[in-house]
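# Inside the fold
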Amino acid sequence: MTQMIKIALASTVLLTSLNAGEIIKGSGASFPYSVYQKWLKAYNKESGVRVDYIKKGSSKGIKDAKARAVDFAGTDKPLSPKVLRKNGLLQFPGVVGAITMGYNVPGVDGLKLSRSAIVAIADGSITHWDDALIAKENANVKLPHEKLTFVHRADGSGTTYNFTYYLSKVSKKWRKSFGAKKSLSWPGDHHIGGKTNSGVAALLKQTEYSVGYIDYADAKNNDITMATVENREGNFIVPTLKSFQTAAAKASLDPKKDFYAVIADPKGAESYPMVAATFILIPSEKAKTNKDVTKFIDWCYVNGQDIAMGLGFVPLPDSLTAKIRAYWDAKGIK
Amino acid sequence: MEKIFQKLSISSATLVFVILIGIFITLFIAAKPAIDEFGFDFIVNPDWNKEVVVEITDTQIAVEDLSDQGNEIIDEDDMEITDEDDIIEDEDEVMFDEDEEGTLTTTIYGGLVPIVGTLLTTLIALAFALPIAMGIAVFLAEIAPKNISHIVGIAIELLAAIPSIIFGMWGLYYFAPIVADLVGGYQVSLLTAGLVLGVMILPFMAAITRDSMNTTPGVLKESAYALGATKFEVIKDIIFPYSRTGIIGSIILALGRALGETMAVAFLIGSIFVLPSAINDPTISIPVAMANNFGEASGLGESALFYLALILFVISFAVISIAKFYFLKKAH
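These numbers come from a predicted model, not from an experiment. (Residues numbered from 1 in each chain as written. Chains lettered and ligands numbered in written order. Predicted model: local features only at pLDDT ≥ 70, side-chain atom pairs only at ≥ 80, totals over all residues. Heavy atoms only, no water.)

### Overview of the overall build of chain B
Counting its regular elements, chain B contains 14 helices and two strands. With 332 residues in all, chain B has 41% of them scored as buried. Excluding contacts between residues fewer than 6 apart, the proportion of contacts in chain B whose partners are at least 24 apart in sequence is 80%. Approximately 18000 Å² of chain B is accessible, and the part contributed by carbon and sulfur atoms is 69%. (Helix = DSSP H or I, 4+ residues; strand = E, 2+ residues; numbered from the N terminus. Buried < 20%, exposed > 50% of the residue type's maximum accessible area, 1.4 Å probe, protein only. Contact = heavy atoms within 4.5 Å. Areas by Shrake-Rupley, 256 points an atom, 1.4 Å probe, with all protein chains shown as cover.)

### Topic: the overall build of chain A
The number of helices and strands found in chain A is 14 helices and 12 strands. What you see for chain A is a C-alpha radius of gyration of 22 Å, in line with the 20 Å of a compact globule of 334 residues. Its C-alpha atoms give chain A principal-axis dimensions of roughly 75 × 50 × 35 Å. Taking all 334 residues of chain A together, the buried fraction comes to 58%. For chain A, contacts bridging at least 24 residues in sequence account for 73% of all contacts bridging at least 6. When the accessible surface of chain A is totalled, it reaches about 13400 Å², and 54% of it is carbon and sulfur. A distance of 8 Å separates the average location of the 46 positive side-chain charges in chain A from that of its 30 negative side-chain charges. (Rg over C-alpha atoms; globule rule 2.2 N^0.38 Å. Lys, Arg positive; Asp, Glu negative; His and termini not counted. Charge placed at Lys NZ, Arg CZ, Asp CG, Glu CD.)

### What to know about the packing of aromatic side chains
All names here are of chain A. Tallied over the entire structure, the rule returns 31 aromatic pairs over all chains. Residues Tyr-43 and Trp-299 carry aromatic rings whose centres are separated by 5.4 Å and whose planes lie at 55 degrees to one another, so their mutual orientation is tilted. A residue pair is termed long-range when its members are at least 10 positions apart, and Tyr-43 in helix H2 (residues 33-47) and Trp-299 in helix H12 (residues 287-303) qualify at 256 residues. By relative accessible area, Tyr-43 is classed as buried at 4%. (Phe/Tyr/Trp six-rings, centres within 6.5 Å; stacked < 30°, edge-to-face > 60°.)

### Here we look at unusual backbone geometry
Residue and element names in this part refer to chain A. In this model, Asp-258 sits at a positive phi of 55 degrees, which is unusual for a non-glycine residue. Within the secondary structure, Asp-258 is located in the loop between helix H11 (241-250) and strand E12 (275-283). Here Phe-259, not a glycine, exhibits a phi torsion of approximately 60 degrees, which is positive. The residue Phe-259 is located in the loop between H11 and E12 in this model. The exposure class assigned to Phe-259 is buried, which follows from its relative accessible area of 0%.

### Observations regarding the interface of chain B and chain A
Size of an interface, as often reported, equals the accessible area lost when the parts are brought together. Taken together, the 45 residues of chain B in the interface contact 54 residues of chain A. Summed over both sides, the interface between chain B and chain A buries roughly 4100 Å², with carbon and sulfur atoms accounting for 46% of that surface. Inspection of the chain B/chain A interface yields eight residue pairs in polar contact (both at pLDDT 80 or more). Contributing elements (two or more residues each) for the side of chain B that touches chain A: helix H4 (72-83), helix H7 (164-183), helix H12 (263-268) and helix H13 (286-293) of chain B. In terms of residue class, the side of chain B that touches chain A is made up of 20 nonpolar, eight polar and 17 charged. (Buried area = accessible area lost by both parts, 1.4 Å probe. Polar contact = N/O pair within 3.5 Å; in protein donor to acceptor, adjacent residues only side chain to side chain. Nonpolar A, V, L, I, M, F, W, Y, C, P; charged D, E, K, R; others polar.)

That's the geometry; what it means functionally is another story.
Encoded structure:
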């Protein structure tokens, strides 16, 4: 009996230690989780290497990376080169996603939202749908005099961070009073919070006369009507993969600064404004595991484009992936 | 053998105490920064995660400089964490205006909204579930024929076994629209959350009450019937007084579950830090605030969440001990 227990114990220890050598562990941001999850499955099929990614949120991902609890961490908020150096971390972008303004107003199609209208919706100053700020851009649509309900994320999230970052870039007033945050107590008295993106999607679908920010993938999967949004140049851009790609190509992500930049509200006449890059952090001293990580990410850049687009994300443009490879080379982790 | 058995059972009992005190101490230590910062005002302050502009006078700056030197290492780590919520600077835009130089903002946290939300949802749930649970229990224990009572009993136990996330999804997709149609207002609200919570605690109350009613000795009931009592009189005057302890026990258990329920309520309460002015307004409860914000919390925000946890701990403890001591003493 004891013999058997010993054998069983020994073999489990042996098995886990064998496996441990091949598992690449990651944790962090939930925004790109669906993409990473499909990428690592496809990579596992192709190469046999097991990659794990646990969604804990950006803050916990950053903490894990600092504590060296994982081989790589995902974060929606990039760290500044100074913080990276202090903690011995390296950083590069993983994938680009987009946030849309989903709405549910019976009888209204092709809603256009200007930059100031989006800010006014978020800060609660628009209370009814026929508000002049919305009506101005929608002359051909009959807007009802109904109470507007703003739907937002209840839980802390990278989506909220990227949306409020966009608002901060568009409006000085917003920047001063709220700033960019992963969760905040929203102003106004006609808003409700949904848990996770699916929760927001459900609320948007079930609550008439509602509007809210939601990532493109969830909006598409739930058949939520998305508003056309004014960009930096004053053009109204329909949220499509193509307009996201145009925006991503304009983003100024610089390897010299460890790609430290939030890409919201980019230049370009055809760029969709509410785009967001999500980043990967790796500890600089683990040269061997880092090579495994970059091999996995590189495989995803090359082979994961269809997967990303299928989920409503934008693969990084070739010009950018070339820069990232050079960055890896320079840091000796390719 | 006898001794070992005795020791084992004693250590099991002490383990409960050790864990309880351990949790309390951990919560207290983690909540300490928020307790120091906000004190008891936390309980009555309705503002959560609100930026407040602090005007700094010269003396204050001097004091801060001094304290900075004292615990530089700790402060540096803190700074970094609060940094994570800050806007990063962009090359093509200066993110901060010059006129902000003289001002500094701090974030304040107050727990009034989640505390009120927790108490109100629990109250609604209890008010909804109590009469129905008593009805079920009386029906099962006294009125229903044996085979029907058996089937309904199984159904109730099954209801108790449903994971709370399923109640949350069911509530959000099917129950919330019905509630909104009936009473108006938002689909996710205090009322929706309270009612679904009521459905969740129903089986506990019903099952335990039924069991304690079943312990009423047959002799007592038969003597009452022999004296000419009706069924209603027997239930009212014999069964209820006899099983009072069990009924209160079931309410206490249900209260404990309702106070701490997280997942289902998170989907249904609307999760906004605003005091409800009507029963169909959205608000937030303590467990929901913690579940929603823990993943991305850091620094003082995380500590404030622990403060909330501590308050929930104390509330549950207080409610349950009051119920236990007051009602049970009365019962004996």
